[in-house]
Amino acid sequence: MARSAPDTVTAQLVERIAAARYEQLPEKSVAAAKVFVLDSFGVALSGTRVPLVRELQGLAAAWGRGEAARIWGTGERVPTGTAAFINGYQIHNQEWDCLHEPAVVHPMAVVLSTLVAWAEAAGATRPVSGRELLLGCAVAVDVAATIGQSVRNRMQFFRPAMCGALGATAGIAAILRLDAATTRSALGSCYSQLSGTMQAHVEGSPVLPLQIGFNTRAALNSVELATRGVQGPRDWLEGPFGYFALIDPDWTAEPFRQLTLGKRIAELSHKPFPSGRATHGGADGVLTLQRAHGFAANEVSAVRVLAPPLVRQLVDRPASADMAPSYARLCLPYVAATALLTGTVVVGDFDPASIALCERQALAARIQVLPDNNRSLNALAPQRIEIDLADGARHAIDLPAVLGAPGRPLTHEQHLAKFQRAVASGAHPLPAEGAASLIAAVESLESLADVRALVDRLLFSCPTP
C-alpha cells in the first residue's frame, strides 16, 4: 500500500483540475470525447426501454418539483438532481456504456448525465458551451479513471459510481474554473456522500445501475456546497479515513504521475454488446472462432473461457431460465451461448422470453469460466477461449484485447452503427432525422454555443432543431 503525506497526490490532482483549459486538450482527446458523448447518449435512449425507467419517472414528483432539466427521451422537465439520476440510470441500466478497462470504471454514466443536467440548469443564467462540456468530460474521466487505475485490490465497492461521482465533481469545477481550494472542498464533500457496493452486482440486482443515479446527486450537491463556502474534508483521497484508506486501500501513485490532461478519455473502450464488459471476451471469442471455422451452435459440446480473476468475480455465474435481465447481462455463459446461437448479442436477448429459451439454457450449461495464470485482481484481459465440437475437433483463440478496447477499437462506421442500433431500440425509436441531427451536433460540439441544444435532440417527439 502506498503511504504518503495527504498532499502528495491530492494537491497535485486538484491543481491539475483547476488549471485545465479547453485549449490544452489534445486533438485525440477531443475526438474521443465526442465519440463517447454520442455513444452514451445512444445507450441512454436505448435504456428508456427498461421498465424501471417508467417507475422512476412516476416517483419523480415525490422527489420534488422543478423544470431546470429534462429527462432524455420523454423531455419531462424535472429538478436537476432528478434529471441526472434518471439519465445516469438510463445510460448504465443495460450495461452498454463505455468503460475504462484498467480502472474498471464506467465513467461516462455518472459524468455525462451529471454535467448535462447541471449545464441545462446553469444555462438559464449563462449558457454552457460545447467546448466547456468537452473539457468537463475530459477532466472528469481523467479523475475517475486515474483513481480507479491506481487501485490493485479486489473491487468491493462499486467503483463506476464512486469514481464517476468524483470525476463529475471535478468536471463541473473545471467548467466553472473554481480555484484549487474550492475544487478540493467540493471533492471532499463528494467523497463524504459516495455510495455503492458490489453486493448488488453479485445478486444481479436492478439497484446496481441505480447506484449510478445515487452518485450523480453527490456530485451536484458537492459543487453547490463548495461554491457556497461549505468546507469539505481536505484529505478526502489520502487521509486516514480517505478513499485510499477505506474504499480501495491497496494502491499506487504511478497513474497520477503519468496523467496528462485528456489522457484517460482517449483510453476508453466501447462495448459492442449490451452486457457486462467482462462477458465480452467470451462473446467476442466464440463469434471469432465460429466465423473462422464455420461450425453451428448445435455442434458445440463445450466452451472454456480462461480468464483473469476479475472476469470470474464479475460474470462467472450459472444461467437459469427465470434469471432477471439484470442478472443475465452479467452471466457470461448465457451471453456467450446467445452469441453462438444468434451471431450477436442485442438488447432483446435480455427480455424474459429470450432468457427462457431452452436452446440457450442448454448451451449455456456447456460453457465454463476457468482461471488463467493472471494474478491481477483488476484485469479484464488477456483471455483464451477454447471450443470443443461433437466431432472431436477443438478450436481456440487468444485475445490480448477484447473487441472495442483501444487495442482493438471499433471503426468510426462500427461506432455509428452501434449508435443507430441503440437509438432504434428505446421505448420509442429516435426518428432518423433526429438521430442524424444529434450525430451532427456532437461531431461539431466544439462549435455549439449552448449544451441545451443537445438535449433538444434527445427527445423522441421533439422536432429536429
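Residues numbered from 1 in each chain as written. Predicted model: local features only at pLDDT ≥ 70, side-chain atom pairs only at ≥ 80, totals over all residues. Heavy atoms only, no water.

Colleague: Would you mind showing me how to read the overall build of the protein here?
Modeller: If you tally the helices and strands in the protein, you get 21 helices and six strands. Relative to the globule expectation of 23 Å for 465 residues, the C-alpha radius of gyration of the protein, 21 Å, shows essentially globular dimensions. Reported as C-alpha extents along the three principal axes, the dimensions of the protein are approximately 70 × 55 × 40 Å. Considering the protein as a whole, with its 465 residues, one finds that 61% of them fall into the buried category. In the protein, 77% of the contacts between residues at least 6 apart in sequence involve partners at least 24 apart. (Helix = DSSP H or I, 4+ residues; strand = E, 2+ residues; numbered from the N terminus. Rg over C-alpha atoms; globule rule 2.2 N^0.38 Å. Buried < 20%, exposed > 50% of the residue type's maximum accessible area, 1.4 Å probe, protein only. Contact = heavy atoms within 4.5 Å.)

Colleague: Would you explain the pairing of strand 5 (residues 383–389) in this entry?
Modeller: Remark: a regular strand shows side chains that alternate across the two faces of the sheet. Among the seven residues in strand 5, six count as buried, and that is most of the element. Pairing between strand 5 and strand 6 (residues 394–399): six bridges, direction antiparallel. In the strand pairing of strand 6, R384 is matched with D398. In sequence, strand 5 turns back onto strand 6 through a hairpin of four residues, with G392 there showing a positive phi of about 95°. (Pairing = 2+ DSSP bridges.)

Colleague: Honestly, the packing of helix 7 (residues 159–176) against helix 8 (residues 180–191) in this entry has me stumped. Any pointers?
Modeller: How two helices sit against one another is set out by the angle between their axes and by the gap between those axes. Their axes nearest at 9 Å, the elements helix 7 and helix 8 cross at an angle of 155°. By the criterion of interaxial angle, the relationship of helix 7 to helix 8 is roughly antiparallel. In this structure, helix 7 crosses over helix 8, and the sense of that crossing is right-handed. Residues A165, L166, T169, A170 and A173 of helix 7 lie in contact with helix 8, whose contacting residues are T183, A186, L187, C190 and Y191. Partitioned by chemical class, the residues of the contact of helix 7 with helix 8 number eight nonpolar, two polar and no charged. (Axes fitted to C-alpha atoms, helices over the stretch in contact; angles between N-to-C directions. Parallel < 35°, antiparallel > 145°, perpendicular 65-115°, else oblique. Left-handed = near helix turned anticlockwise from the far one by under 90°. Nonpolar A, V, L, I, M, F, W, Y, C, P; charged D, E, K, R; others polar.)

Colleague: Teacher, can you tell me more about empty space enclosed by the protein here?
Modeller: In this approach the atoms are scanned with a rolling probe the size of a water molecule, which exposes any empty space left behind. Applying the stated criterion across every chain yields a total of three cavities of 30 Å³ or more. By volume, the largest cavity is sized at about 150 Å³. Forming the boundary of the largest cavity are 18 residues, of which E95, V104, H106, H201 and L314 lie nearest the centre. Mapped onto the lining of the largest cavity, the elements with two or more residues apiece are helix 13 (277–293) and helix 14 (309–315). When the residues that make up the lining of the largest cavity are grouped by side-chain class, the tally is 11 nonpolar, four polar and three charged. (1 Å grid on protein atoms, 1.4 Å probe; cavity = no way out; pocket = protein on both sides within 12 Å on 5 of 7 lines; lining within 4 Å. Points joined across faces, edges and corners; volume = space filled by probe spheres on them.)

Colleague: How should the pattern of salt bridges be read in this particular structure?
Modeller: Close approach of charged atoms lets side chains of opposite charge pair. Tallying each qualifying case throughout the model produces 24 salt bridges. As a salt-bridge pair, E23 and R131 come within 3.9 Å of each other at their nearest N and O atoms. One end of the pair, E23, is in the loop between helix 1 (10–19) and helix 2 (27–47); the other, R131, is in helix 6 (residues 130–149), with 108 residues separating them in the sequence. For R131, a relative accessible area of 37% puts it in the partly exposed group. For R304, the salt bridge identified is with D388, shortest N-O distance 2.8 Å. Taken together, the residues R304 in strand 3 (residues 300–307) and D388 in strand 5 connect sequence positions 84 residues apart. Comparing R304 with D388 shows no difference in burial state: the two are buried. (Salt bridge = Lys/Arg side-chain N within 4 Å of Asp/Glu carboxyl O.)

Colleague: Help me understand helix 7 in this model?
Modeller: Three- or four-residue spacings in an α-helix give side chains the same orientation, since the helix completes a turn every 3.6 residues. Its 18 residues give helix 7 an end-to-end C-alpha distance of 26 Å, which sits within 8% of 26 Å, the value for a rise of 1.5 Å per residue. Counted residue by residue, helix 7 has 17 buried out of 18 residues, so it is predominantly covered. Looking one or two residues past helix 7, R177 carries a phi angle of roughly 55°, positive in sign. (Expected span 1.5 Å × (residues − 1).)

Colleague: Could you clarify how one ought to interpret the side chain of Q211 in this entry?
Modeller: As for its position among the elements, Q211 is in helix 10 (residues 207–227). Excluding residues within four positions of it along the chain, Q211 makes contact with F158, A161, G196, T197 and A200.

Colleague: So what exactly am I meant to see when it comes to unusual backbone geometry here?
Modeller: Most peptide bonds take the trans configuration, and most residues that are not glycine carry a negative phi. A cis geometry characterises the amide bond from A381 onward to P382, with omega recorded as 5°. Of note in the backbone geometry, V104 takes a positive phi value of approximately 55° without being a glycine. Tracing the sequence through the fold places V104 in the loop between helix 4 (80–92) and helix 5 (107–122). By relative accessible area, V104 is classed as buried at 6%.

Colleague: Before we go on, may I ask you to explain the sheet that holds strand 5 in this structure?
Modeller: Within a sheet, adjacent strands bond to each other through the backbone by hydrogen bonds, running parallel or antiparallel. Sheet architecture is open: four strands sit in the order 4-3-5-6, paired in mixed fashion. Looking at which strands have only one partner, the edges of the open sheet turn out to be strand 4 (367–371) and strand 6. Looking at each pair of strands side by side, their axes are set apart by 15° on average, direction ignored. Running over the sheet, helix 13 touches strand 3, strand 5 and strand 6 and is turned about 45° from strand 5. Contacts from helix 16 (residues 332–342) reach strand 3 and strand 4 within the one sheet, and its direction differs from that of strand 4 by about 130°.

Colleague: Is there a simple way to explain the environment of A432 in this structure?
Modeller: Considering the arrangement of structural elements, one finds A432 in helix 20 (residues 432–443). The spacing of A432 and I355 is 77 residues in sequence and 30 Å in space, taken between C-alpha atoms.

Colleague: I keep staring at the packing of aromatic side chains and nothing clicks. Help me out?
Modeller: Aromatic rings in a pair are described by how distant their centres are and how their planes are angled relative to each other. Scanning the entire structure with this criterion turns up seven aromatic pairs. On the basis of an interplanar angle of 85° and a centroid distance of 5.1 Å, the ring pair of F41 and W72 is categorised as edge-to-face. Taken together, the residues F41 in helix 2 and W72 in the loop between strand 1 (69–70) and strand 2 (77–78) connect sequence positions 31 residues apart. Across the pair, W72 and F41 agree in class, each one buried. (Phe/Tyr/Trp six-rings, centres within 6.5 Å; stacked < 30°, edge-to-face > 60°.)

Colleague: What is the right way to look at the packing of helix 2 against helix 19 (residues 412–423) in this model?
Modeller: Between helix 2 and helix 19, whose axes approach to 7 Å, the crossing angle comes to 25°. The orientation of helix 2 with respect to helix 19, classified from their angle, is roughly parallel. Every pair of crossing elements has a handedness; the one defined by helix 2 and helix 19 is left-handed. When helix 2 is examined against helix 19, the residues V35, L38, D39, G42, V43, L45 and S46 are found in contact with a partner set consisting of H415, L416, K418, F419, A422 and V423.

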